[in-house]
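A structural walkthrough
Take a look at the letters that make up each chain.
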Amino acid sequence: MSASPTILLVEDEDGLREALSIVLRRAGYEVLETGSAAEGLRALERSAIDVVVTDLAMEQPLSGMGVLRHTRQFAPGTEVLVMTAFGTIENAVECMRLGAFHYITKPINSEELELLVARAVEHQRLVAENRNLRQRVQEAYRFENIIGSSPAMIRLFEQVTRVAALDTTVLLSGETGTGKELIAHAVHNKSPRAPRSFVAINCGALPETLLESELFGHVKGAFTGAASTKKGLFEEADGGTFFLDEISAAPMSIQVKLLRVIEEKETRRIGDTRSSKIDVRLIAASNSDLQAEVAAGRFREDLYYRLNVVSLRLPPLRERREDIPLLAQHFVQKYASRFHRPTHSIDPAAMRMMMSHPWPGNVRELENVVERAVALGSTDLVKVVDLPSEVSRAESEGSDARAEGEIRTLEEAEREHILGAVGRCGGNLANAAKGLGIGRTTLWRKLKRYGMQVEPEEGAAEA
Ligand SMILES: Nc1ncnc2c1ncn2[C@@H]1O[C@H](COP(=O)(O)OP(=O)(O)OP(=O)(O)O)[C@@H](O)[C@H]1O
Ligand SMILES: [Mg+2]
């Protein structure tokens, strides 16, 4: 982005205009000055302006209101600050209605002006950045709805395209929530088998006997409860792709039978004496290290080698943090439209926290966090307060992913909650105490106990 933001100052009173211009230049801005609304509009057409600061009541024919209208219409990315004379509050309200960023009453206080201009510039940049991000999501290297522009993901997309055409068995590995199931679908959809069925089964979700009868089917009377003959899923998938999710959870007896399906290309219903030929492409996924399972004697080595003809690894989200903004923006759009919410982007502070969170649940966790923030948020931006504490805590505490199921003590929870509140109030203890519903002295005492350096406050005798 360009070095210093450009401010267009429109003010017909020469002395005031010069004074304000000096204030703004000293604050580090590029300043264009004009003495009339008409000149201001010409400047707006010629140069890229970040923020317009305009007087409201100027000589006709064009007033500051005209500058505001024109800017909102023809340069919607530029923010407008309006200067009004004291006592003309109706005008100020009207300006806000027309889309002014804010108004400032005369006489102008230079600190207030600097502050408002800084905020307008920040807002302008945020909006521009988000527009840019939205555009990139639209144009993103979208691969079967899989979002990713990190080198690791682009390499993966290329591998998927290549592997899809080969008709070999594929082993997908990666932590939970990294997108293994999405990739399995993509391999099928990009393959010549795409018009045929894609059948998936989670080997960890069913007890052994049920899993077996689901996979291979059974004949009538094969076991108690087998009232009629049932086709197995392998037969259903004939001609298509068969996805064995959580393969490491398959019991040994099933592993033997899977090996048979691969080697003989045939399947046999439970209780049947005949086998039938099938033609399926196998894709297996595991979120644990299958090789370690082999070493531990829990997974058949021969099956492992049969499955592992081509292996694709899905990198955890923390190894491709550059994908986080695109993914987060993608999910904001997805859930805003699903829940009919006005949310359109993510506040920079919230984004910083998302960037530093370790995401042990990977993309699934990120999706859930955004879904919740969009559903519960009260503004059009996802803000820090909309994030769950484990995410909003990430920045201050580094990436100490806590083991699941470990219980925090009350004191720990209180400490984090309090530090979080103080952080969100920008260190303003009075506001933090109010938000927490405790007295300032109580807050001050607790902070001291938690080792926070705090200055004793004036009036700290109350509560
Ligand atoms: N790159 C991505 N782009 C968009 N959505 C994604 C991406 N990766 C994962 N997701 C979403 O995250 C969720 C988890 O993905 P998926 O079910 O494929 O993970 P998985 O690796 O199979 O996890 P598990 O091992 O827990 O089964 C899904 O809702 C999926 O749509
Ligand atoms: Mg899965």
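All of these numbers come straight from a predicted model, not from anything done at the bench.

Quick word on the overall build of the chain
Counting secondary structure elements, the chain contains 20 helices and 16 strands. Per-residue burial for the chain yields a buried fraction of 45% across its 463 residues. Working note: accessible area of the chain is about 23,800 Å², and carbon and sulfur atoms make up 50% of it.

Quick notes on the packing of helix α19 (residues 429-436) against helix α20 (residues 440-449)
Packing of α19 against α20 brings their axes to within 9 Å, and their N-to-C directions diverge by 105°. Accordingly, the angle class assigned to the pair α19 and α20 is roughly perpendicular. Within the contact between the two elements, α19 uses Leu429, Ala430, Ala432, Ala433 and Leu436 and α20 uses Arg440, Leu443 and Leu447. For the contact of α19 with α20, the class distribution of residues is seven nonpolar, no polar and one charged.

Considerations on the sheet that holds strand β7 (residues 198-202)
The sheet built from five strands is open, its strands ordered β7-β10-β13-β6-β14 with parallel pairing. Each of the sheet's edge strands pairs with one partner strand only, and the pair in question is β7 and β14 (310-313). Between one strand axis and the next, the sheet turns through 20° on average, direction left out of account. Sheet strands touched by helix α7 (residues 180-189): β6 (170-173), β7, β10 (241-245), β13 (281-286) and β14. Its angle to β13, the strand with the most contacts, is close to 165°.

A closer look at the nonpolar core
Nonpolar side chains tend to gather and get buried jointly when the protein is soluble and globular. In this structure, Leu215, Phe234, Phe242, Leu244, Ile247 and Leu258 are the most contacted members of the largest nonpolar core, which totals 29 residues. Every element with two or more residues in this core is listed here: β7, α8 (208-216), α9 (233-236), β10, α10 (252-264), β13, α11 (290-295) and α12 (301-307). Examining the composition of this core, we find that five residues originate from one element, α10, more than from any other. Contact partners of Phe242, with chain neighbours within four places excluded, come to Val199, Ile201, Leu215, Leu233, Phe234, Ala237, Val280, Arg281, Leu282 and Ile283. Membership of the second largest hydrophobic core comes to 27 residues, among which are Leu317, Trp359, Ala373 and Val382.

Concerning the site of ligand 1
Neighbouring ligand 1 are 17 residues, the closest being Ile147, Thr176, Gly177, Lys180 and Arg364. In this structure, a nitrogen atom belonging to ligand 1 sits 2.9 Å away from a main-chain N or O atom of Ile147. Within the backbone of Leu182, an N or O atom sits 3.3 Å from an oxygen atom of ligand 1. Calculation on ligand 1 without its partners gives an accessible area of 630 Å², and the protein chains cover 85% of this total. When residues of the shell around ligand 1 are traced back to their parent elements, those giving at least two are α7, α13 (324-339) and α15 (362-376). Taken together, the residues that form the shell around ligand 1 break down as six nonpolar, six polar and five charged. The residues that make up the shell around ligand 1 include at least three from each of domain 2 (151-315) and domain 3 (318-404).

Some remarks on the pattern of salt bridges
Any two side chains of opposite charge can pair, so long as their charged atoms come close to each other. By the definition in use, this model includes 23 salt bridges. Glu175 is the partner of Arg318 in a salt bridge, and the nearest nitrogen-oxygen pair spans 2.6 Å. One end of the pair, Arg318, is in the loop between β14 and α13; the other, Glu175, is in the loop between β6 and α7, with 143 residues separating them in the sequence. Take Arg318: its relative accessible area is 36%, and that puts it in the partly exposed class. Overall, Glu175 belongs to the partly exposed group, its relative accessible area being 26%. A cluster of three or more residues bridged by salt bridges with shared partners is formed by Asp14, Arg17, Arg25 and Glu33.

Notes on the packing of aromatic side chains
In the structure shown here, the tally under the stated rule is five aromatic pairs. Their ring planes at 65° and their centres at 5.3 Å tell us that Tyr304 and Tyr305 sit as a pair that is edge-to-face. The class for Tyr304 is buried, based on a relative accessible area of 8%. Taken together, the ring pairs in this structure connect Phe216, Phe234 and Phe242 into an aromatic cluster.

Cut-offs used in this document
- Residues numbered from 1 in each chain as written.
- Chains lettered and ligands numbered in written order.
- Predicted model: local features only at pLDDT ≥ 70, side-chain atom pairs only at ≥ 80, totals over all residues.
- Heavy atoms only, no water.
- Helix = DSSP H or I, 4+ residues; strand = E, 2+ residues; numbered from the N terminus.
- Buried < 20%, exposed > 50% of the residue type's maximum accessible area, 1.4 Å probe, protein only.
- Areas by Shrake-Rupley, 256 points an atom, 1.4 Å probe, with all protein chains shown as cover.
- Axes fitted to C-alpha atoms, helices over the stretch in contact; angles between N-to-C directions.
- Parallel < 35°, antiparallel > 145°, perpendicular 65-115°, else oblique.
- Contact = heavy atoms within 4.5 Å.
- Nonpolar A, V, L, I, M, F, W, Y, C, P; charged D, E, K, R; others polar.
- Pairing = 2+ DSSP bridges.
- Core = buried A, V, L, I, M, F, W, Y, C linked by side-chain atoms within 4.5 Å.
- Near = heavy atom within 4 Å.
- Polar contact = N/O pair within 3.5 Å; in protein donor to acceptor, adjacent residues only side chain to side chain.
- Domains from an automatic or database assignment.
- Salt bridge = Lys/Arg side-chain N within 4 Å of Asp/Glu carboxyl O.
- Phe/Tyr/Trp six-rings, centres within 6.5 Å; stacked < 30°, edge-to-face > 60°.

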